Amino acid sequence: MTLISFVVPAYRVQGYLRECLDSILGQSFGDIEVIGVDDASPDDSGEILAEYADRDPRVQAVRLTENIGLGPARNVGLDRAAGDYVWFVDGDDWLVPGCLPHVADRLRDTRPDVLIVDHVRAHWNNVGTRSAMRDVFPDPPGAATFTLPERPETLRLLHTAWNRLVRREFLVERGLRFAPGWYEDVSFSYPALMAAERIGVLDRICLHYRQRRTGAITRTRGDRHFEVFAQWHRVFALIDTWGMDELRPAIFERMIWHYLTVLGNGARIAPELRAPFFAQMHADYLQFRPPAGYPVPPGVEGLKHRLVAAGRWRTFSALRGAHQTGETARRTAGRVRRRLVPVVRRARDGALLEYYRAELHRPIDPTLAVYAAYWYRGYSCNPAAVYEAARRLAPQVRGVWIVRRDRVAALPAGVEYVVAGTRECYRVLARARWLVNNVNFPDFVRKRPGSVHVQTHHGTPVKVMGLDQQRYPVGATGMNFAGLLRRVDRWDYSVTSNSFSTQMWERAYPADYTTLEVGYPRNDRLARATVEECRRVRAALGLGAEEYVVLYAPTHREHLPGWRPPFDPDRLLDVLGPTGRLLMRSHYFHDRERLPHGPAAGRVLDVSAHDRVEDLYLAADVLVTDYSSAMFDYAVLDRPIVVYAPDWDAYRVARGVYFDLLAEPPGAVATDFPGLLDLFRSGAVRAGTAERARAAFRARFCALDDGQAAERVVRRVFLDEPA
C-alpha cells in the first residue's frame, strides 16, 4: 500500500511544474505516487506531466479535455489516489528537500486523520516570510494528536489544502471533496478539521508556498472573489448537519476575518465592488452569528467586526480611507528620511575621504602594519596568523586591526584596533607601511610608494575566481572586473598554499605582484596541533572525549541565493549512533542552517558564529563539506573528509570549477543524502579507498603546510629576508 498520494493539479504552471515534481520525486522517501492532473492547461503543463509519467512509474498523468477549475481537478486526482494519505500540492509550489521522511514517520507513528505541516512564503523577489505556525503554537504540540475543540487555535493556521495531509479513507467516509469555484480550500480544509478525530501538527517547514508576481487569484481583480461567500455557506451548512454548534463561534470569527482579508486587499476587490461585498458580509454576519456570541478581536480588528455587524459601510469606508491616507503619509515621510540618510551619509563619507587624502600627504609610519579579514568581520584567518607571528618575530612592528563596531567584543585581549568607517580607520589606512588582508581593501585605498600590500587569500580555490568568472556570468552577477583589476594592482605579495593555487591565482588575478608560495599561515596551528590541544578545544565546546564529532560546513552558492544543500541532521545522527555529535557551520554569506527541534537537537551545535574555525577543525573527527576550501585546511590534520556534492553537475556548469572534485576527492564522496548516510553506515568514510584518496589529495595540496608558513611570510615581508 502506498503511504502518500500527491495530487498535483496543473494549469498555467509550466515555468514551475518541473521544480514541483522534482521536489517530490527527489525525496529520499519513495513510498509515494504522484497524480498530475492537466486541467486543460493552454501551456505545456500537460506535456511536462506526460514526460515525467513516461520516465517514472510513480507518476500518473491525467489530461482533462476541458478546464474544470482547481477544486474539481483535485477531486479527479483524489478519485485515482491509492495512498493511505493524500497531499494536494499546487503545481507552482515545491517541497523542502529531506522533509518527506519526517512526514512519513509522523504519519506512521500517530495515524492522524489530518496532519498539518509548516511552510514558508517564497516571494517572487527572493524574499521568504514565515508562516503563523510559531504564533499559533508557541509550544509545538509534538507528536500528540487532538481534536479541534481541544485545540481551537488550530483554525488560525492558513486554511489551504497544500499545508496538510489527509487520510484518504477519512475523506471517503466523511464525503469530503472540493467544491467548484474560487476559495475552494475553505469548504474543504475547515470541514476536515471539524470532522477529524485525530489532528496532528508537524513543526517542520515542508513546503515553499510560491507568491507569484502575476497569475495568482490573490492578485487578480474581479467579481469572482464573491465566490468566497458560497464556500463559507457550505462550511456552516456542515456545522448544522453534523451538529457541531460548539465550533460555531471560532469558525464564525475565522469567516469574518477571511472576509475582511479579501475586502482589504485592493488587488482583489475593485472600488465599485467593495460596497456590495461589504453588504454580503453584513448579511452573512446576521445569518451565521452564534446566538451566544463569539470571541471578537481587540483593537482595530474588533472595530471592523462591529462595523460589519452594524452594516455601516460608509463609516467602514471612511475609516479605511483615513487609514490609507495615514499610511501614505507615513510612507512618504519614510521615503524622505531614506533620501536624507544617503545625503547625510554621502556628506559624512565625503568628509572622511577628504581627511584620508590629507593623511596621504603625511609621512608613512615605518612601524605600522594594518590588518583586516573578511571585510572587517573580525580577527581571523591568515592575517591573524601573520599578526601573531609578527608580534613574536618582529616586535618593532605595531599591528592594528580594522574591525566592524559589532565585532570589537570578539577581539582577543591586547589586540590594538580601530573601528571601520571612523577617522582613525582612514588615518591608519593612509599612513600604514604594511596592509595585510585576505580580501581586498576598499576602492578608495591608494597604493602609496613605500607601502606594502599583502594579499593572503582565504582558501585554495575549487570554484573559479577573479577574471575566470567572466566565463560563468551566472556566478559573477554584479562584478566589476575593471575595478577588481585596479584592486589587484595594489598587491605586492600574494600568499599561496600550494602550486595549484599559485597557477590559479595568476590566471584569475593577473598583475605584477610577487607570489609567496609558502603554505597557509592559518594552517600552522593545525600542523602543530597536539592531542592535548585537541582535548582542550573539545572540552571548551562541550564535547566529550569519547564522542564521535562530525563537522558539517557547506559553502555559499552565489548563483543560487538562499539555496541550501539537502541535509537532515536528525537522520545523520541516527546513523552516527548514541555517541555522535554534529557541529554545523554556515558560510559567512549564509543565513544559519536550520537546526533540528526534535530529540536530536541537544546533539547538534550551531558553530556558525564561532570566531576561530581552526578550533572546529581540531575538535572534529570527520569533516563533511561540498566545494568549500575547508577541505584543504582540514586535510592538514589527516582526518577523514567526506565530499557531499548533491548539485555537482549544476554547480560546475553554473559557477565553474578548477578541477574535478569527484574524480580527485580528499576522501569518500556522496552525491545525494541517502548516499551520505550510507557512507557513515557502511564505514566507507574510513575505508581504504577513502584513505588513499586523502593521501593523494594531501600530497598535492598540503605539502607546504608544515607549521612554519606564517614565519616565512613575516621574514620575507616584515624583515625583508630572502625567500
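It should be noted that the structure appears before, not after, this text.
Figured I'd write up the structure that's included with this text. (Residues numbered from 1 in each chain as written. Predicted model: local features only at pLDDT ≥ 70, side-chain atom pairs only at ≥ 80, totals over all residues. Heavy atoms only, no water.)

1. Examining the side chain of E253
Here is step 1: Within the fold, E253 resides in helix α9 (residues 248–264).
Here is step 2: If near-sequence neighbours (up to four positions away) are discounted, E253 is found in contact with Y294, P295, P297 and H305. (Helix = DSSP H or I, 4+ residues; strand = E, 2+ residues; numbered from the N terminus. Contact = heavy atoms within 4.5 Å.)

2. Here's the deal with the packing of aromatic side chains
The relation between two aromatic rings is expressed through the spacing of the ring centres and the mutual angle of the planes.
Here is step 1: Inspection of every chain in the model, using the stated rule, returns 43 aromatic pairs.
Here is step 2: Each ring, one from Y285 and one from Y294, has its centre 6.1 Å from the other, and the planes form 75°; the classification is edge-to-face.
Here is step 3: Put simply, the rings of F500, F632, F659, F697 and F701 touch in pairs and so form one group of aromatic residues.
Here is step 4: In this structure, R55 packs its charged tip against the face of Y52, placed 4.1 Å from the ring centre.
Here is step 5: The side chain of R254 reaches across the aromatic face of W257, ending 4.3 Å from its centre. (Phe/Tyr/Trp six-rings, centres within 6.5 Å; stacked < 30°, edge-to-face > 60°. Lys NZ or Arg CZ within 6 Å of the ring centre and 35° of its normal.)

3. Remarks on the sheet that holds strand β19 (residues 604–606)
Here is step 1: On the basis of which strands lie adjacent, the open sheet formed by six strands has the order β19-β18-β17-β20-β21-β22 and parallel pairing. Bordering the open sheet on either side are β19 and β22 (668–670), each of which pairs with just one other strand. Averaged over all pairs of adjacent strands, the angle between strand axes in this sheet comes to 20°, irrespective of strand direction.
Here is step 2: In terms of strand pairing, strand β20 (residues 622–625) meets strand β21 (residues 641–644) through three bridges, oriented parallel. Note on β21: the bridge partner recorded for L623 is I641. (Pairing = 2+ DSSP bridges. Axes fitted to C-alpha atoms, helices over the stretch in contact; angles between N-to-C directions.)

4. With respect to the sheet that holds strand β11 (residues 398–403)
Here is step 1: Taking strand neighbours across the sheet as the criterion, the seven strands line up as β12-β11-β10-β13-β14-β15-β16 in an open arrangement whose pairing is parallel. The open sheet is flanked by β12 (417–419) and β16 (514–517), the only strands paired with a single partner. For this sheet the average axis-to-axis angle between neighbouring strands, irrespective of direction, equals 25°.
Here is step 2: Running over the sheet, helix α25 (residues 709–717) touches β13 (432–437), β14 (452–455), β15 (493–496) and β16 and is turned about 165° from β15.

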